[in-house]
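# Coordinate analysis (summary)
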Amino acid sequence: MTSPVRKLSISVPPDVAERLAREPNASAYLVDAARALMRREALAAELAHQGIEVTEEGVASARAARAAIDAAWPSERYQAVRERVQRALHDGADCTPQAPAA
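So, here's what we can say about the structure. Numbering of residues begins from 1 in every chain and follows the order in which that chain's sequence is written. Per-residue local features are limited, in this predicted model, to residues with pLDDT of at least 70; the limit for side-chain atom pairs, both in listing and counting, is 80 or more; totals at the level of whole chains, interfaces and linings are taken over all residues. To obtain the side-chain values, all non-hydrogen atoms of the structure were used and water was disregarded.

## A closer look at the overall build of the chain
Within the chain, the secondary structure is distributed over four helices and zero strands. Secondary structure of the chain in N-to-C order comes out as α-α-α-α. Every one of the 102 residues in the chain was classed for burial, and the buried ones make up 2%. Each accessible area is a Shrake-Rupley estimate made with a 1.4 Å probe; only the visible protein chains count as cover when residues are assessed. When the accessible area of the chain is evaluated, it comes to approximately 9,500 Å², of which 58% is carbon and sulfur surface. Only runs of H or I of at least four residues qualify as helices and only runs of E of at least two qualify as strands under DSSP, and these elements are numbered from the N terminus. Working definition: with a 1.4 Å probe on protein chains only, accessible area under 20% of the residue-type maximum means buried, over 50% means exposed, and in between means partly exposed.

As structure tokens, this is what we get:
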């Protein structure tokens, strides 16, 4: 059973039209993009509700910190971590944080 949909006619700039032309299913691509934006907006709203202000400066700082980590970690290290996580998930490891022992 498929969920109900609404057919829309939209206008997009040429660069977006060119990108959509490369997609086998432009509608699905746009739905995924819109839902990703909706999740980001919901997260921003929840953070604001919790008193956490997201600023452009803070985002830029976080991106710079991430870029520094990316530069410091060779791809082999990322791959090793990915494999370790996949093994833990496959083996059913309990990844729940544990309280420190008293």
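## Observations regarding the packing of aromatic side chains
For Phe, Tyr and Trp, rings pair up if their centres lie within 6.5 Å, where Trp contributes its six-membered ring, and each pair is then called stacked (planes under 30 degrees apart), edge-to-face (over 60) or tilted (otherwise). For the structure on display, the rule yields one aromatic pair. Relative to Tyr78, the ring of Trp73 lies with its centre 5.1 Å away and its plane at 50 degrees, an arrangement referred to as tilted. On the basis of relative accessible area, Trp73 is assigned to the partly exposed category, the value being 26%.

## Regarding the layout of surface pockets
A probe matching the size of a water molecule, rolled over the atoms, marks out where space remains unfilled. The pocket and cavity definitions rest on a 1 Å grid over protein atoms only: a 1.4 Å probe that fits but cannot leave marks a cavity, an open set with protein on both sides within 12 Å along at least five of seven lines marks a pocket, and residues lining either have an atom within 4 Å of a point. Grid points are joined across faces, edges and corners, and a volume is the space filled by probe spheres set on the points. Of the voids in this model, the largest pocket is the one considered here, and its volume is about 410 Å³. Under the grouping applied here, Gly and all other residues not named as nonpolar or charged are polar, the nonpolar ones being Ala, Val, Leu, Ile, Met, Phe, Trp, Tyr, Cys and Pro and the charged ones Asp, Glu, Lys and Arg. Of the residues that constitute the lining of the largest pocket, the class distribution is six nonpolar, two polar and three charged. Within this model, the second largest pocket holds a volume of roughly 160 Å³. Arg40, Leu43, Ala44, Leu47, Val54, Val59 and Arg63 together form the lining of the second largest pocket. When residues of the lining of the second largest pocket are traced back to their parent elements, those giving at least two are helix 2 (26-49) and helix 3 (56-72).

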